[in-house]
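# Structural overview
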Amino acid sequence: MSIKAEHVNYIYGEGTAFEQYALRDVNFEIEDGQFIGLIGHTGSGKSTLIQHLNGLLRATSGTIYYNGENIYQAGYDMKALRSKVGLVFQYPEHQLFEVDVFSDVCFGPKNQGLPKEEIEARAREALRQVGLEEKLWEQSPFELSGGQKRRVAIAGVLAMQPDVLILDEPTAGLDPKGRDEILDEISALHKEKNMTIILVSHSMEDIAQYADRIMVMNQGEKLFDAPPKEVFRHYKELERIGLAAPQITYIVHHLKEHGVPIDDEITTVEEAKTAILALLGKDNTEK
Amino acid sequence: MIRDITLGQYYPVDSLLHRMDPRTKLFGTLVFIISLFMANSIVAYVVATVFLISAVRLSKVPFKFIVRGLKAIVFLLLISVSFNLFLTPGTVIFQIWFLKLTWEGLRIAGFMGLRLIYLVLGSSIMTLTTTPNELTDGLEKSLGFLNKIGVPVHEISMMMSIALRFIPILVEETDKIMKAQMARGADFESGNLIQKAKSMVPLLVPLFISAFRRATDLAMAMEARCYHGGEGRSKMKPLHYAARDRITYVVYAVYLVVVFVLRNGLTF
C-alpha cells in the first residue's frame, strides 16, 4: 500500500510560447501511515505535484502507482482514486457552494453513490473530526470565519473516507490558535486513523513538529527527501532557495557557537526546552 | 481543457504587428471584415487570403496557435455550411431524399464557410498581438469623438478593459474550482443534458461568489486611489502613429480598392 512516483515530468503549455517545466524527473515512494511535509518556494512545483497524486493532472511523462497499480493504465477508475487520495485545496472558497454546511460536506460521499443514511453518517463523523460545533452545521458556509470554512472544506474531503489526505497549506491566513487547532486535528487523524498525510506548508515550525519525513521541492525538482533533522541540517541550502529552518534551530546553532554544549539538530521548541533544562541540571517535569 | 480558448488571448512575442499602434490594428480588422462581406468571387477571396496570410506571417504567432481559435465555432460552421449546401435552390448535382446538392449551394456554402473562418482568424490576430489594455486604449481614442454627443467613452472602455483583464483570472479560477470539486468526486463530463446542467452548480456558485468579491475589492482599490472617471485624466502611454502605421493605412486603402473593384468589375 503506497503511492509511488517514477520519473514524473510535467510541462505546462507544451508546444506554445508559454511552455514551462513544472516537474522534472520526480521520484519517490510514500508508505502507508507516513506524515510527509512538502515544502518549497512559491512556484516550486509542489501544488502541481500533489495534483498528480489523485490524477487531476496527468504527467507529461513518467508513471504514478497507487497501491502498485499504474493510475494511467487504460480503464483505471480515477473517481475511485480520488476518493482514496483526498486532496484539500488551499482556498475553501473554491469548493463551498451548498446552502448549508452539512449538505456541502455531503457532496463528496454523494458523488461516491452511497445510500442516504451512509452519506449523512459520514458527514456527521467528518464534521466532528474537524471539531466544527454542531450549531454551525445548518448555517450557510459563506457566513463562517476563515478557519471554520477551512474545517468545512477538510470535512468535505474526509467524508469520502480517504486513506491518504493531502492538504495544500491548510493553515495559510489563519490566526495562531486556529492554526494549532487544525494541525492538531490533522495529527489526530494521522495517529488515530493511521491516515497517510501529505502536508504542504510554508511554515517550517509546523512541518518540523508534525512531519516524520520532509520533501523539499525546488524549481520542479525534488531537492531533499529525508527526516526533518536531516533536512534542516542543510539550512544554508534551504535559505538559498528561499526557505529556512525552524527558528529554534537557529537559536540552538547560536548557542552552540557561543560554547553551549547543546545538540544543534533540535527542530522543535519542545526539544529545545528539554535540552536546555537538562543543561541547567533541571528536570523537564518541573515547572 | 478550458485553457484552449485562444480567442481574446494575447500571445507575447515581438513582431511588427505587436509593435503597431492598436488603432491601426483595430481599423485593419474592420477593413478586413468589410472586405469579407464585399468579396463575392474566388479572386476576391484569394486577395483576402493573401492579406490574411501576410498578417499571420508578420505577427510571428504560430499558425497552429491561431487555428485553435476555430474550435469555438466548429459547430456553428457545420450548421451554416450544411444548411447552405443543401437548401439553396439551383442546378442540382445530386439528390438524397429531400436534400438537394446544387452548384449554387456549393458556392454559397464555400464562401460562407471561408468567411466565418476568416472572420475568426482575422480578429484572433488582432487580439493575439494586442494586449487588452492597448486594445481598449485604441478603442477609447478612436471613438473619442462620441464623447461630444454624450457617450461616456472612457467609462465604457474602462469597463471593457476590466472585463478583459478578468477573463484569464476567471478562467484560472474556474480551473481551480473544477479541480477542487473533482477531488470530491464531481463529474463534469458524463451524463445527459440535465445532469450536466446540474453538475455546473458546484462550479458556478463559487465562481460567482468569487467574481463578486473581486469586483467589490477592485472598486474599493480604485476609489482608494481617487479614481473618478475619465474627466481630466491623462494617459501614461499616449498613442502615437509611427511611419509603419501610415504605410499600413496605405496598404489598407489599396486592399479595399482592389476588393471593391473585384466586386463591381469582375465576377466568376
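What you see is a predicted model, and the numbers here were worked out from it, not measured in a lab. Residue indices follow the written sequence of each chain, beginning from 1 at its first position. Here every chain gets a letter starting at A, and every ligand a number starting at 1, in the order they are written. With pLDDT at 70 or above as the cut-off, local features in this predicted model cover only qualifying residues; side-chain atom pairs require 80 or more to be listed or tallied, and sums for whole chains, interfaces and linings still use all residues. Each side-chain value is worked out from all heavy atoms of the structure, with water and hydrogens disregarded.

To continue, consider the overall build of chain A. In this description a helix means any DSSP run of H or I spanning at least four residues, a strand means any run of E spanning at least two, and both kinds are numbered starting from the N terminus. Across its full length, chain A carries 11 helices and 10 strands. Compactness check: chain A gives a C-alpha radius of gyration of 21 Å against a globular reference of 19 Å for 287 residues, within 12% of the reference. Seen through its C-alpha atoms, chain A measures out along the principal axes to roughly 65 × 50 × 35 Å. Per-residue accessibility, obtained with a 1.4 Å probe over protein chains only, is compared with the maximum for each type, and a residue is labelled buried under 20%, exposed over 50%, and partly exposed between these values. Relative to its 287 residues, chain A shows a buried fraction of 53%. Residue exposure ignores everything except the shown protein chains as possible cover, and the areas themselves are Shrake-Rupley values with a 1.4 Å probe. Summing over all exposed atoms, chain A offers an accessible surface of approximately 13400 Å²; the carbon and sulfur share of this is 48%. Residues scored as positive are Lys and Arg, those scored as negative are Asp and Glu, and His as well as the terminal groups of each chain are ignored. Charge coordinates come from a single atom per side chain, which is NZ of Lys, CZ of Arg, CG of Asp or CD of Glu. Averaging the coordinates of the 30 positive side-chain charges in chain A and doing the same for the 46 negative ones gives two points 1 Å apart. Taken over C-alpha atoms, the radius of gyration is set against a globule rule of 2.2 Å times the number of residues to the power 0.38.

Residues and elements named next belong to chain A. The pairing criterion is simple: DSSP has to find at least two bridges between the two strands. Read across the sheet, six strands follow the order 6-7-8-3-9-10 without closing on themselves; strand pairing throughout is mixed. The sheet is open, and its two borders are formed by strand 6 (85-88) and strand 10 (221-226), each paired with just one other strand. Going from strand to strand, the sheet's axes swing by 15° on average, the running direction of each strand aside. Pairing between strand 7 (residues 164-168) and strand 8 (residues 196-200): five bridges, direction parallel. Its bridge partner lying in strand 8, Leu167 is registered against Leu199. Contacts are assigned to residue pairs that have any heavy atoms within 4.5 Å of one another. A fitted line through C-alpha atoms serves as each axis, taken over the contacting stretch for helices, and the angle formed by two N-to-C directions is quoted from 0 to 180°. Its contacts with the sheet put helix 1 (residues 46-53) on strand 3 (35-40), strand 6, strand 7, strand 8 and strand 9 (213-218), and the angle it makes with strand 3 is roughly 140°. Taken strand by strand, helix 5 (residues 146-158) contacts strand 6 and strand 7, and its axis lies near 165° from that of strand 6.

Time to look at the interface of chain A and chain B. Taken together, the contact between chain A and chain B spans 24 residues of the former and 24 residues of the latter. Simply put, the buried area is the total loss of 1.4 Å probe accessible area from both parts when two parts are fitted together. Across the chain A/chain B interface, buried area totals approximately 2100 Å², and carbon plus sulfur atoms make up 64% of it. Within this document, salt bridges are pairs made up of a side-chain nitrogen of Lys or Arg and a carboxyl oxygen of Asp or Glu, the two lying within 4 Å of each other. In this structure, the connection of chain A to chain B is made through one salt bridge. Here Asp104 of chain A makes a salt bridge to Arg184 of chain B, at a shortest N to O gap of 3.2 Å. Secondary-structure elements contributing two or more residues to the side of chain A that touches chain B are helix 2 (78-84), helix 3 (101-111) and helix 5 of chain A. No other element matches helix 3 of chain A, which puts four residues into the side of chain A that touches chain B. For the side of chain A that touches chain B, a count of residues per class yields 12 nonpolar, eight polar and four charged. Polar here means any residue outside two lists: the nonpolar Ala, Val, Leu, Ile, Met, Phe, Trp, Tyr, Cys and Pro, and the charged Asp, Glu, Lys and Arg; Gly therefore counts as polar.

All names here are of chain B. A cluster of nonpolar side chains, namely Phe75, Ile79, Phe83, Leu87, Ile93, Phe94, Ile96, Trp97, Phe98, Trp103 and Leu106, defines an oily patch on the protein surface of about 1300 Å² accessible area. When contributions to the nonpolar patch are tallied by element, the ones reaching two or more residues are helix 5 (74-87), strand 1 (92-96) and helix 6 (103-129). In terms of residue count, the dominant contributor to the nonpolar patch is helix 5 (four residues). With respect to the helices and strands, Ile93 occurs in strand 1. The partly exposed category is assigned to Ile93, whose relative accessible area is 37%. Patches draw on residues past 30% relative accessible area with no salt bridge. Two like charges within 9 Å are joined, as are two nonpolar side chains (Val, Leu, Ile, Met, Phe, Trp, Tyr) within 5 Å.

Moving on, we come to the nonpolar core. Definition of nonpolar core: a set of buried residues of the types Ala, Val, Leu, Ile, Met, Phe, Trp, Tyr and Cys, connected through side-chain atoms within 4.5 Å. Judged by nonpolar contacts, the single largest core of 50 residues is most densely connected at Val105, Leu127, Leu132, Leu158, Leu165, Leu167 and Val216 of chain A. The element that contributes the greatest number of residues to this core is helix 5 of chain A, accounting for six residues. Ignoring sequence-local partners within four residues, the contact set of Leu158 of chain A consists of Ala126, Gln129, Val130, Leu165, Leu189 and Met195 of chain A. Formed by 43 residues, the second largest nonpolar core is a distinct cluster that contains Leu23 and Tyr66 of chain A together with Ala180 and Phe188 of chain B.

Right, let's get into empty space enclosed by the protein. All names here are of chain A. Here a cavity is any set of points on a 1 Å grid over the protein atoms alone where a 1.4 Å probe fits but cannot get out, and a pocket is any open set with protein on both sides within 12 Å along at least 5 of 7 lines; a residue lines the site when it has an atom within 4 Å of a point. Grid points are joined across faces, edges and corners, and a volume is the space filled by probe spheres set on the points. Taken as a whole, this structure holds one cavity of 30 Å³ or more when the rule is applied. Of the voids in this model, the largest cavity is the one considered here, and its volume is about 30 Å³. In terms of lining residues, the largest cavity is bounded by Gln129, Val130, Ile154, Ile182, Glu185, Ile186 and Leu189. Counting residues per element, the lining of the largest cavity draws most heavily on helix 6 (residues 176-193), which supplies four residues. Looking at the lining of the largest cavity residue by residue, the class counts come to five nonpolar, one polar and one charged.

Further remarks concern the pattern of salt bridges. Counted under the stated rule, the structure contains 25 salt bridges over all chains. Look at the salt bridges and you will find they share partners, linking Arg151, Lys177, Glu181 and Glu185 of chain A into a network.

All right, on to the packing of helix 5 of chain B against helix 6 of chain B then. When two helices pack together, their arrangement is given by the angle between their axes and by how far apart the axes lie. All names here are of chain B. Interhelical geometry of helix 5 versus helix 6 gives an angle of 160° and a closest axis separation of 7 Å. Relative to helix 6, the element helix 5 lies roughly antiparallel. When the axes of helix 5 and helix 6 are compared, the crossing they make is right-handed. Residues Leu76, Leu77, Ser80, Val81, Asn84 and Leu85 of helix 5 form the contact with helix 6, whose participating residues are Gly105, Leu106, Ile108, Ala109, Met112, Gly113, Leu116 and Ile117. Comment on the angle field: the value is read as roughly parallel under 35 degrees, roughly antiparallel over 145, roughly perpendicular from 65 to 115, and oblique elsewhere. Should the near helix be turned counterclockwise from the far one by less than a right angle, the crossing is left-handed, whereas a clockwise turn marks it as right-handed.

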